[in-house]
Amino acid sequence: MAEARADEPAKTGRGRRRAPRDPSRRSGRGIRGRLALVKDPSWWKRHRWFLGVLALGTVLRALAMLGYRPALWFPDSYTYIVTVFKPSPDLVRPAGYPMFMKLLQPFHSFGVVTAAQHLLGLAIGVLIYRAARRAPRWVATLATVPVLLDAYQIELEHLLVSDTLFMFLVVAAAALCVTERRATVVAIGLLLAAATLTRTIGQPLIVLFAAWFVLRGRVRLAGVLLAAALVPLVAYGGWFYATYHRVGLVGANGVFLYARTMSFADCAKMDPPPDLRVLCDPRPPERRPPSQEYIWAKDSPLVELPGITFTKKNDDLAGRFATLAITSQPLDYAASVLTELGRTFTWGRPVYPDHEIYGYYQFPVKEPGPPGRYPAQVGADYAKLYEQGAIGTKIVEPYAGWLRAYQSVARLPGLLLLGALLVPLVAAVTRRRRPRHPPPWLVPWSAAVVLLVTPAVAAEFDYRYVLPAVPLACLAAALSIRPDVLTQSGGDNEFGDDIPPNVRL
């Protein structure tokens, strides 16, 4: 690490020199210094726009808590509850989110769970603003608007699903990564491991973050990150193997990929062997149900096989079928992936994959009924033990009505998300000077792309899969706008951290 001498004026981004820093200003670091900084009226004035957005986001989340008590339910919610009471690796979903719920179990309230998730949503906004400190303040504030004020983000936080926790862990890892501090590498690895144990889509992010350090010439730090991430994953993998005698974190990869390929698979073109032919659907692709139905519907060829859907035999069979479909029809697969990915960037919000799933992402008008499918009914019994009472969602007016009206107008259209993803690319092309190292925006931008592309490749489009990528895309856009310019008032960034502009890692 190279930095200016203490008795020599430091250079700014354009070669200008400024006076040496007053040592007394370093008191802004540490807890006491930060508390003193917050008490300064000028601090509140400098950050008034972000604080206003944060306050409005807090009010909206309070309305959700008041209007929909104590939580909103999704089909996956009941499976998570079962894992809380029967701690063991699940074949479909890792146990990270159930462990999060387990930590809050002493409160015996799903309202506490949703409140914690809303706090995580607010924390994501703070992390983005903090990480984008080198951009103009209005840009950093604008980057936080989608996560703090999007009605669908708030609704997702009120659902008992893993996505909000996963989003927080990934954004926290990205925010630490762009600070360029060595001491955070272990924390980044642990955060990414926790994200992967919350949703397995986090696995490629570990490789992505490590690759960024390698590109910056920090191979040793990349190794530390990988080691920190792999230790928890290997431990969980050992637990999974001891339970099912199978290698992996989950046991449904083949099943989900099979369902994905059923949007185009044509057995006449594939000519599968007899053991795979039982998984064929004679209907033409345009007349088939959404891909997810091939996992859960009773008349699915896979579900009709002996044993549960996710046995090793069935999962391997489904994986072989999917591999054959992709290799036999590569162009059809590519077209299907592009179609699914294209749903992410539409202006409107068409109903997809069906009315039932689409409805879970809307603040409801009527109180939802009890779960219909048997696994959810089992989970509902455990949910009553968690709550120590009746479960459900009580809709309270007028708060719920206000939120429904807000949700009808306040959302981030897919085209604007596409615009946010294009901002860093345009900035990189138009930049006169080429940086010696990969820019910080590359980390959140690449992570956002991975989170958007992976479901289209391995599963199918789902609106809730898009939301975790939004804060990362917005952070990348903010970092690409004047990323190497700090405030000129002594070199401190807006939060009082001492980060000299001439420091290079």
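Residues numbered from 1 in each chain as written. Predicted model: local features only at pLDDT ≥ 70, side-chain atom pairs only at ≥ 80, totals over all residues. Heavy atoms only, no water.

(A) Examining helix 7 (residues 137–149) more closely. In this model, helix 7 (13 residues) spans 18 Å end to end at C-alpha, consistent with the 18 Å of a helix rising 1.5 Å per residue. Helix geometry: helix 7 is bent most strongly at Ala-143, by close to 25°, with proline Pro-146 lying one to four residues after it. The complete set of buried residues in helix 7 reads Val-139, Ala-140, Thr-141, Ala-143, Thr-144, Pro-146, Val-147, Leu-148 and Leu-149. On its buried face, helix 7 is in contact with helix 3 (48–67), helix 6 (110–131), helix 8 (151–158), helix 9 (163–178), helix 21 (399–407) and helix 25 (469–479). (Helix = DSSP H or I, 4+ residues; strand = E, 2+ residues; numbered from the N terminus. Expected span 1.5 Å × (residues − 1). Bend = angle between axes of the 7 residues up to and from the residue. Buried < 20%, exposed > 50% of the residue type's maximum accessible area, 1.4 Å probe, protein only. Contact = heavy atoms within 4.5 Å.)

(B) Geometry of helix 12 (residues 219–244). Helix length check: helix 12, at 26 residues, gives a terminal C-alpha distance of 36 Å against a target of 38 Å (1.5 Å per residue), a fit within 8%. Largest kink in helix 12: about 30°, centred on Leu-230, with the proline Pro-232 one to four residues after it. Packing partners of the buried residues in helix 12 comprise helix 10 (185–196) and helix 11 (203–215). Two residues or fewer after helix 12 comes His-245, characterised by a positive phi angle close to 55°.

(C) Local environment of unusual backbone geometry. Across the junction of Arg-69 and Pro-70, the peptide omega takes the value -10°, indicating a cis bond. With omega at 0°, the peptide bond leading from Tyr-352 into Pro-353 counts as cis. Positive phi, close to 55°, is recorded for His-245, a residue that is not glycine. Within the secondary structure, His-245 sits in the loop between helix 12 and helix 13 (253–261). Classification of His-245 by relative accessible area gives exposed; the value is 59%.

(D) How the structure looks around the nonpolar core. In terms of nonpolar packing, the biggest core is built from 146 residues, with Phe-209 and Phe-321 touching the most fellow members. Sort the elements by how many residues they give to this core and helix 9 lands first, with 13 residues. Not counting residues within four places of it along the chain, the set of residues in contact with Phe-321 comprises Tyr-258, Thr-261, Met-262, Ala-265, Cys-267, Met-270, Leu-276, Leu-279 and Cys-280. (Core = buried A, V, L, I, M, F, W, Y, C linked by side-chain atoms within 4.5 Å.)

These figures capture arrangement, not role.
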